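# Results of the structural survey
So you can see what is in the structure, the chains are spelled out below.
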Amino acid sequence: MKKVGHKIAWCIGLLLLAHKAEAELPQVGALLPAVKVQRGGEIILNQGGEVRQSWQPSWPQSRPQLIIHVAGRLVAKQQLEPVVAQLSRTQWVSQRVDMTTIINTDDSIWGSAPFVEHSILNSKKHSPISHFVLDSSGVVAHRWQLQAESAAIIATTGQGKVIFFQQAPFSAVSIQRLLNLLQQKAKNDLNSSFH
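Residues numbered from 1 in each chain as written. Predicted model: local features only at pLDDT ≥ 70, side-chain atom pairs only at ≥ 80, totals over all residues. Heavy atoms only, no water.

### Focus: the overall build of the protein
Just so we agree on the cut-off: Working definition: helices are DSSP H or I runs of at least four residues, strands are E runs of at least two. Numbering for both runs from the N terminus. Burial classification: accessible surface area is computed with a 1.4 Å probe over protein chains only, and a residue below 20% of its type maximum counts as buried, one above 50% as exposed, and the rest as partly exposed. Residue contacts are defined here by distance: any two heavy atoms, one from each residue, within 4.5 Å place the two residues in contact. Only the protein chains shown count as cover for residues, and the accessible areas themselves come from Shrake-Rupley with a 1.4 Å probe.
A count of helices and strands for the protein gives six helices and seven strands. Put simply, the protein runs from its N terminus to its C terminus through helices and strands in the order α-β-β-β-α-α-β-α-β-α-β-β-α. Sorting the 195 residues of the protein into buried and exposed places 41% on the buried side. Within the protein, counting contacts between residues at least 6 apart in sequence, those at least 24 apart form 72% of the total. A total of about 11,500 Å² of accessible surface is found on the protein, and carbon and sulfur atoms cover 58% of it.

Next up, the structure:
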């Protein structure tokens, strides 16, 4: 009986180790860990309404990428308010940076996911060029080891190399650092496209 218990514990340990091995915190200077959202997906508007398609970050891109990950909760949305306010005041960001917002509806208050999705669909209709991804299974939060009930910001080069990563809270200093890095990268990408 003891042998069976040890074997079961050993198998569970291996499964947990394999599960943990899939998760990887984004590291500045490294490539963004690959991930694919299949449950939910990116919202695409067309003439018949909206469709969802699987999403994954892909490279190379012609511009730096700004990825905002947010739990489907009011508290997480509030954590992002200073970031969103600063981005909206900085006009060059929308012209020179590709932005994707991932909403983790798996991390929302029970029963509120449909309301969160409706709100995101309205945001997509008001800003059709923005990318909105609904992550119904929380795969991105798990893969990137992001804090629950919170928000995170990741900026990458057009080649997928992480240049900024921070989880909430966001100070004025860190937001400015993010903007400086994005501006520098956008200038470098623009200059390299002319050579």
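### Describing the pairing of strand E7 (residues 162–167)
Rule in force here: For two strands to pair, DSSP has to find at least two bridges joining them.
Within E7, six of the six residues are buried, which leaves it mostly tucked inside the rest of the structure. Sheet topology places strand E6 (residues 151–156) next to E7; five bridges connect them, and they run antiparallel. Across the sheet, Ile154 pairs through a bridge with Phe165, a residue of E7.

### So, the sheet that holds strand E2 (residues 49–55)
Two pairing modes exist for strands in a sheet, parallel and antiparallel, and in both the strands are linked by backbone hydrogen bonds. Which entries qualify depends on this criterion: Only the stretch in contact is used when a helix axis is fitted, and all axes are lines through C-alpha atoms; the angle between N-to-C directions ranges over 0 to 180 degrees.
Pairing in this open sheet of seven strands is mixed, and the strands run E2-E1-E5-E4-E3-E6-E7 from one edge to the other. On the outer flanks of this sheet lie E2 and E7, each paired with one strand and no other. Neighbour-to-neighbour, the strand axes of the sheet open up by a mean angle of 20 degrees, direction not taken into account. In this sheet, strand E5 (residues 131–135) lies alongside strand E4 (residues 98–108) in parallel orientation, the contact comprising five bridges. Bridge pairing in E5 places Ile102 opposite Val133. Along the sheet face, helix H2 (residues 74–89) touches strand E3 (65–72), E4 and E6 and points at about 155 degrees away from the line of E3.

### Some words on the nonpolar core
Rules: In plain words, nonpolar cores are sets of buried Ala, Val, Leu, Ile, Met, Phe, Trp, Tyr and Cys residues tied together by side-chain atoms within 4.5 Å.
The biggest cluster of nonpolar side chains holds 29 residues, and the ones touching the most others in it are Leu66, Ile153, Phe170 and Leu182. For this core, the secondary structure elements donating two or more residues are E3, H2, helix H3 (91–96), helix H4 (113–126), E5, E6, E7 and helix H6 (172–192). Not counting residues within four places of it along the chain, the set of residues in contact with Leu66 comprises Leu87, Val97, Asp98, Met99, Thr100, Ile153, Ile154, Ala155, Leu178 and Leu182. One finds Ile102, Val133, Ala141 and Ala152 within the second-largest nonpolar core, a separate group that totals 15 residues.

### Quick word on the pattern of salt bridges
Selection criterion: Any carboxyl oxygen of Asp or Glu within 4 Å of a side-chain nitrogen of Lys or Arg constitutes a salt bridge here.
Using the criterion set out here, one finds six salt bridges in the structure. We note a salt bridge from Asp107 to Arg73, for which the minimum N-O separation is 2.8 Å. Residue Asp107 is located in strand E4, and its partner Arg73 is located in the loop between E3 and H2; the two are separated by 34 residues in the primary sequence. One salt-bridge network, in which partners are shared between bridges, spans Glu50, Arg52 and Glu117.

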